[in-house]
Amino acid sequence: MTILSSKHHKDWKHNGYLKLSAFFKADEVRAIQTCVSEISSWQPTEDKWMHHYESTEDGIRLSRSENFAPYHTHLKDIITKGKVIDVVSELMSEPAILYKEKINYKYPGGGGYAAHQDAPAYEFIDYHITCLISVDVATSENGCLYFSPGRHQEGFIALDEQGCISPNVAKKMNWVAVPTEPGDILLFGSYIPHKSPLNLSNEPRRIIYLTYNAKSQGDWREKYYADKRKAFAQYAKDGSNRDTQISKIAHFQGKAIKHAEFDRPNLSSETE
Ligand SMILES: O=C(O)CCC(=O)C(=O)O
């Protein structure tokens, strides 16, 4: 059974991203919102899920949680079974497998993301498709995604030492805002340029990002997270300040809290 129309496939090929409105029904959206709230209340841990924090005018807030699928059964089912993996597999023309998962919270005042492609941060495999699930309304004001349509077929574009698209090149590119409603999904490949502004509203802008690779290329999820932990442990020691990043690329523009500082069990009480 196919989920997508030929128009969807055409748009995907042409633009490099595809929005499917109301992919989840109202009761599914409420369940997903509950899952995200539960994960955001988990205590920080050094060996299970990973929380990242940023400093905002309202204090220290979560910026991102990742590696939560093994610890949240309900969300794991949504991520690894059913219509999300079906639609991603349809776009890949073969079965997909989860590569990584994250929630970006973007609380009021939460930082934006510089223009980038995901591929430089997603190692071991050349190509990924990410399915974004809009948990809250996302608008230009609160930090929705902007894409540069059609620029997914050019390989790396002006990759700078931050792992991002060089700002001089990025500012001349065409950017289209793609606002989303709770329950919408937005699919995009790992070479499509995207960016997002900071949250200027008074409400959080929570989004789940589920990234998949072709199953025929193997299951890399555990290796991805093991490698990320190892890299960040190294960044904390090497004086490079890269432990203020939330990814291997320096695209996050918020005031990130260093990992060594947030791996304290009592910090979560400051975040809600
Ligand atoms: O959540 C956002 O605003 C953008 C996130 C993003 O592009 C990323 O995490 O790579």
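Predicted, not measured: the structure shown is a model, and the values here were computed from it.

**Quick notes on the site of the ligand**
Around the ligand there are 14 residues in total, and Arg 64, Lys 106, Ser 196, Arg 205 and Tyr 209 lie nearest to it. Within the side chain of Asn 104, an N or O atom sits 3.0 Å from an oxygen atom of the ligand. Ser 196 places a polar side-chain atom, nitrogen or oxygen, 2.6 Å from an oxygen atom of the ligand. Summarising the interface, the protein chains cover 98% of the accessible area of the ligand, which totals 290 Å² for the free molecule. Assessed atom by atom at 2 Å from the grid points, the ligand resides in the largest cavity. Broken down by secondary-structure element, the contributors of at least two residues to the shell around the ligand are strand 4 (96-104), strand 5 (113-116) and strand 10 (194-196). Looking at the shell around the ligand residue by residue, the class counts come to 3 nonpolar, 6 polar and 5 charged.

**Concerning empty space enclosed by the protein**
Scanning the entire structure with this criterion turns up 4 cavities of 30 Å³ or more. What the largest cavity holds in volume is close to 130 Å³. Taken together, 17 residues make up the lining of the largest cavity; nearest its centre are Asn 104, Tyr 113, His 116, His 194 and Tyr 209. Every element with two or more residues in the lining of the largest cavity is listed here: strand 4, strand 5 and strand 10. If you tally residues by element for the lining of the largest cavity, the top one is strand 10, at 3 residues.

**Structural notes on the pairing of strand 4**
Burial runs high along strand 4: 9 of the 9 residues are buried. Taken together, the 3 bridges between strand 3 (residues 59-66) and strand 4 define a ladder with antiparallel strand orientation. Pairing of Arg 64 across the sheet is with Asn 104, part of strand 4. Where strand 4 lies against strand 11 (residues 207-214), 8 bridges are found, and the strand directions are antiparallel. Bridge pairing links Lys 100 to Thr 211 in strand 11.

Each value, and the rule that gives it
- Residues numbered from 1 in each chain as written.
- Predicted model: local features only at pLDDT ≥ 70, side-chain atom pairs only at ≥ 80, totals over all residues.
- Heavy atoms only, no water.
- Near = heavy atom within 4 Å.
- Polar contact = N/O pair within 3.5 Å; in protein donor to acceptor, adjacent residues only side chain to side chain.
- Areas by Shrake-Rupley, 256 points an atom, 1.4 Å probe, with all protein chains shown as cover.
- 1 Å grid on protein atoms, 1.4 Å probe; cavity = no way out; pocket = protein on both sides within 12 Å on 5 of 7 lines; lining within 4 Å.
- Sits in = over half its atoms within 2 Å of the grid points.
- Helix = DSSP H or I, 4+ residues; strand = E, 2+ residues; numbered from the N terminus.
- Nonpolar A, V, L, I, M, F, W, Y, C, P; charged D, E, K, R; others polar.
- Points joined across faces, edges and corners; volume = space filled by probe spheres on them.
- Buried < 20%, exposed > 50% of the residue type's maximum accessible area, 1.4 Å probe, protein only.
- Pairing = 2+ DSSP bridges.

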